[in-house]
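# Survey of secondary and tertiary structure
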Amino acid sequence: MNISALPSLSQPLARACGAVLAILLVIVSATGGMWRVVAEPAIIAYDIPAQDLDGALNAYIGASGMQVLYETRLTAGRRSTTVKGRLAPDVALRTLLVGSGLVARRIEVETFSITEAPRAEGAGQAAPVARDRPFVGALQARVIESLCRDARTRPGDYRIALELWIGATGAVERSGLIGSTGSAERDDALLQVLQGVVVRPPPPADLQQPVIMTIARRPPGGGGDCRPASSAWQ
């Protein structure tokens with residue numbers, strides 16, 4: 001399949017757009033041949049001191065606006081390294097995790113998954129990301145889809161970390177919020193919506209729970225994570 005180059009922006013339009021904060025990526029959908037344009041997260045300034053890993057991840061999420069998926073037991077008792085300077089989101093997160101025994105892998109443009117670093121070659125254990133990636137991707141998609149259906153919980157102007165306990169069938173059996181969105185009504189609505197989520201494929205049998213999923217704020221007018229029902233994007 002040949003992909004022709006997109007025409008460059010005219011100088012007046014480029015001036016009107018101001019400083020460029022993101023690189024546009026063009027992806028061809030394998031199913032419909034549709035063009036999908038998404039924004040690569042911008043390089044921004046970080047100043048996160050070394051600390052308990054949970055606190056460092058919260059600081060990273062707040063600064064970057066990224067979503068981070070991980071299991072609670074992974075961060076217990078671990079510490080981060082200092083992250084300082086203007087960095088891309090993936091570089092900043094990798095730096096934060098240096099020496100922690102954990103690794104981050106990008107699974108969507110604005111989403112990372114944190115897992116234990118693979119054992120040395122010959123240890124006899126497959127890399128967790130290869131086994132868990134279908135489930136992690138499905139979990140993210142189903143949670144976002146469910147939140148987008150309710151006007152009270154649509155991602156956009158709030159940030160929250162979700163705790164999810166998922167049964168063997170893939171149904172969310174219990175959920176909790178780490179902190180608050182600032183609205184008691186929205187907090188209650190989030191828990192109600194999450195209770196109806198069912199993920200396919202179901203989780204690996206040895207998945208450590210709860211799974212933590214963060215919902216980050218989105219810039220006003222940026223479109224957020226929700227897509228119109230009529231969208232042809234895949």
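Please refer to the structure higher up on the page.
Residues numbered from 1 in each chain as written. Predicted model: local features only at pLDDT ≥ 70, side-chain atom pairs only at ≥ 80, totals over all residues. Heavy atoms only, no water.

### Remarks on the packing of aromatic side chains
- A full pass over the atoms with the stated rule returns one aromatic pair.
- Pairing Y46 with Y60 gives two aromatic rings, centres 5.9 Å apart and planes at 10°, and the pair type is stacked. Of this pair, Y46 sits in strand 3 (residues 44–48) while Y60 sits in helix 2 (residues 53–64), and the two are 14 residues apart along the sequence.
- Accessibility expressed as a relative area gives 3% for Y46, which makes it buried.
- Judged by relative accessible area, Y60 falls into the buried class, the value being 0%.
- Sitting over the face of the ring of W165, R174 holds its NZ or CZ atom 3.8 Å from the ring centroid. (Phe/Tyr/Trp six-rings, centres within 6.5 Å; stacked < 30°, edge-to-face > 60°. Helix = DSSP H or I, 4+ residues; strand = E, 2+ residues; numbered from the N terminus. Buried < 20%, exposed > 50% of the residue type's maximum accessible area, 1.4 Å probe, protein only. Lys NZ or Arg CZ within 6 Å of the ring centre and 35° of its normal.)

### Points about the pairing of strand 7 (residues 111–116)
- For strand 7, the tally of buried residues reaches five of six residues, placing the bulk of the element in the interior.
- Hairpin remark: strand 6 (residues 102–108) followed by strand 7, antiparallel, with two residues in the connecting loop. (Pairing = 2+ DSSP bridges.)

### Focus: the environment of Q51
- Residue placement: Q51 occurs in the loop between strand 3 and helix 2.
- We classify Q51 as partly exposed; its relative accessible area is 22%.
- Distance in space between the C-alpha atoms of Q51 and S80 is 5.5 Å, their sequence separation being 29 residues.
- Among all residues touching Q51, those that are not within four sequence positions of it are A56, R78, R79 and S80. (Contact = heavy atoms within 4.5 Å.)

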